[in-house]
Amino acid sequence: MLVVLREAWTTLVPDMKDRHGPLPPLMLALTVVTGLVDAFSFLALGHVFVANMTGNVVLSGFALAGAAEFSPAASLTALGAFVLGALLGGRIAHRAHADRGRLLFLALVSQTGLVLAAYVIAQAGDAPFTGGPRYWLIVSLALGMGVQNAAARALKVPDLMTTVLTFTITGMASDSRAAGGSGSKAGSRLLSTVAMLTGALCGALAILHGHPALPLLFAALVLTITTAATFALTRTAGSWTAPLPDRP
């Protein structure tokens, strides 16, 4: 337990001389955003995901099979917009490849703008969202999450991919001492899981007991703070900004 707590602490308060520098806590902030945004999309936009594309593909299958309460048009729109967002994120990553800090900052600026636009649309409309406003919200949010996912992939911070937890949870179990492993990285993996759970919980509570647009406001605030922190950190260049070798 002490090892897990120590790993969690070093993820939240990292050594700035480490090769990932301040990136781990920034990635955790983006994981919270994922929970907030998917809570909004699933609960307020009619059972569609804008960040979790694995779930979205499964929901598309349900919808195409004729299952009630699922929309193939909404799911496929989210999937298409996410791909376009990932394309944009990939272009940002390749243009800023020599500086991971600049890469993250540019991606965050793009994503923050898209989430703020979605918040304005949601605030102006009435839930449940239907027709044009629903699809504008799906497109804006899926674009932003595609950018985020592409940036996280390019940054290559282990176990902190911000939108994917399947491998993270698998790693916690398969690398645990009970499975015969070293139990390493359990702290950071647990934090990633808790971060997404926290975002989803706060988003759901905001929708159920407040206003449907509140999760997007919270997500925009987290993104704005993360963007400002990234900008400040990139002004004091460190080894963490250097690109990592390509994965084999």
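Use the structure listed above.
These notes cover the structure that comes with them. Within each chain, residue numbers correspond to sequence positions counted from 1 in written order. The predicted origin of the model limits local features to residues at a pLDDT of at least 70 and limits the giving and counting of side-chain atom pairs to 80 or more, whereas totals for whole chains, interfaces and linings rest on all residues. Excluding hydrogens and water, the side-chain values take into account all heavy atoms of the structure.

1. Focus: the overall build of the chain
Alright, step 1. The numbering of helices and of strands both runs from the N terminus, where a helix is a DSSP run of H or I of at least 4 residues and a strand a run of E of at least 2. The helix and strand tally for the chain stands at nine helices and zero strands.
Alright, step 2. Ordered by position from the N terminus, the helices and strands of the chain form the series α-α-α-α-α-α-α-α-α.
Alright, step 3. The buried label applies to any residue whose accessible area, calculated with a 1.4 Å probe on protein chains only, is under 20% of its type's maximum; exposed applies above 50%, and partly exposed to all values in between. Taken across its 248 residues, the chain has 46% of its residues classed as buried.
Alright, step 4. Counting contacts in the chain only where the partners sit at least 6 residues apart, residues at least 24 apart contribute 72% of the total.
Alright, step 5. Under this rule, positive means Lys or Arg and negative means Asp or Glu; His and the chain ends count for nothing. We put the charge of a Lys on NZ, of an Arg on CZ, of an Asp on CG and of a Glu on CD. Taking the average location of the 15 positive side-chain charges in the chain and that of its 10 negative ones, the two points are 8 Å from each other. Any two residues whose heavy atoms approach within 4.5 Å at even a single point are treated as in contact.

2. A look at the nonpolar core
Alright, step 1. Membership of the largest hydrophobic core comes to 50 residues, with the highest contact counts inside it found for M27, F40, L104, L137 and L141.
Alright, step 2. Elements with a minimum of two residues in this core: α2 (23–44), α4 (72–95), α5 (100–124), α6 (131–155), α8 (186–209) and α9 (214–234).
Alright, step 3. Looking at this core element by element, the count peaks at 10 residues for α2.
Alright, step 4. In this structure, L141 is in contact with V37, F40, V50, V115, A118 and L216, ignoring residues within four places of it in sequence. Definition used in this section: a nonpolar core is a set of buried Ala, Val, Leu, Ile, Met, Phe, Trp, Tyr and Cys residues joined via side-chain atoms within 4.5 Å.

3. Examining the packing of aromatic side chains
Alright, step 1. Each Phe, Tyr or Trp ring, with Trp reduced to its six-membered ring, pairs with another whose centre is within 6.5 Å; inter-plane angles below 30 degrees give stacked pairs, above 60 give edge-to-face pairs, and intermediate values give tilted ones. Under the definition given, this model contains four aromatic pairs.
Alright, step 2. Geometrically, the ring pair formed by F105 and F231 is tilted, given 5.4 Å between the ring centres and 45° between the ring planes. Placement of F105 in helix α5 and of F231 in helix α9 is noted, with a sequence separation of 126 residues between them.
Alright, step 3. When the ring centre of Y135 is taken as origin, the NZ or CZ atom of R134, which lies over that ring, is 5.7 Å away. Over a ring means this: the NZ of a Lys or the CZ of an Arg is within 6 Å of the ring centre and within 35 degrees of the ring normal.

4. Quick notes on the environment of H94
Alright, step 1. With respect to the secondary-structure elements, H94 resides in helix α4.
Alright, step 2. Taking the C-alpha atoms as reference points, H94 and A154, 60 residues apart in sequence, are found 8.7 Å from one another.
Alright, step 3. We call two N or O atoms a polar contact when they sit within 3.5 Å, provided that within protein one can donate a hydrogen and the other can accept it, with sequence-adjacent residues counted only if both atoms are side-chain atoms. From its side chain, H94 meets the backbone oxygen of G90 in a polar contact 2.7 Å long.

5. Notes on unusual backbone geometry
Glycine aside, residues mostly have negative phi angles, and peptide bonds mostly take the trans form.
Alright, step 1. With a phi angle near 75°, E69 is a residue other than glycine that sits in the positive phi range.
Alright, step 2. Relative to the assigned elements, E69 resides in the loop between α3 (53–64) and α4.
Alright, step 3. The class for E69 is exposed, based on a relative accessible area of 62%.
Alright, step 4. Located in the positive-phi region is D159, a residue other than glycine, with phi close to 65°.
Alright, step 5. With respect to the secondary-structure elements, D159 resides in the loop between α6 and α7 (166–174).

6. Section: a nonpolar patch on the surface
Alright, step 1. Like charges are joined within 9 Å and nonpolar side chains (Val, Leu, Ile, Met, Phe, Trp, Tyr) within 5 Å, but only among residues with over 30% relative accessible area and no salt bridge; these make up the patches. Note that accessible areas follow from Shrake-Rupley with a 1.4 Å probe, and for residues the cover is restricted to the protein chains shown. Every case where a carboxyl oxygen of Asp or Glu lies within 4 Å of a side-chain nitrogen of Lys or Arg is listed as a salt bridge. On the surface, W9, L12 and V13 cluster together into a nonpolar patch covering about 320 Å² of accessible area.
Alright, step 2. Note on placement: W9 falls in helix α1 (residues 2–12).
Alright, step 3. Of the residues examined, W9 reaches a relative accessible area of 55% and is grouped as exposed.

Fair warning: the whole summary comes from geometry, so function is off the table for now.
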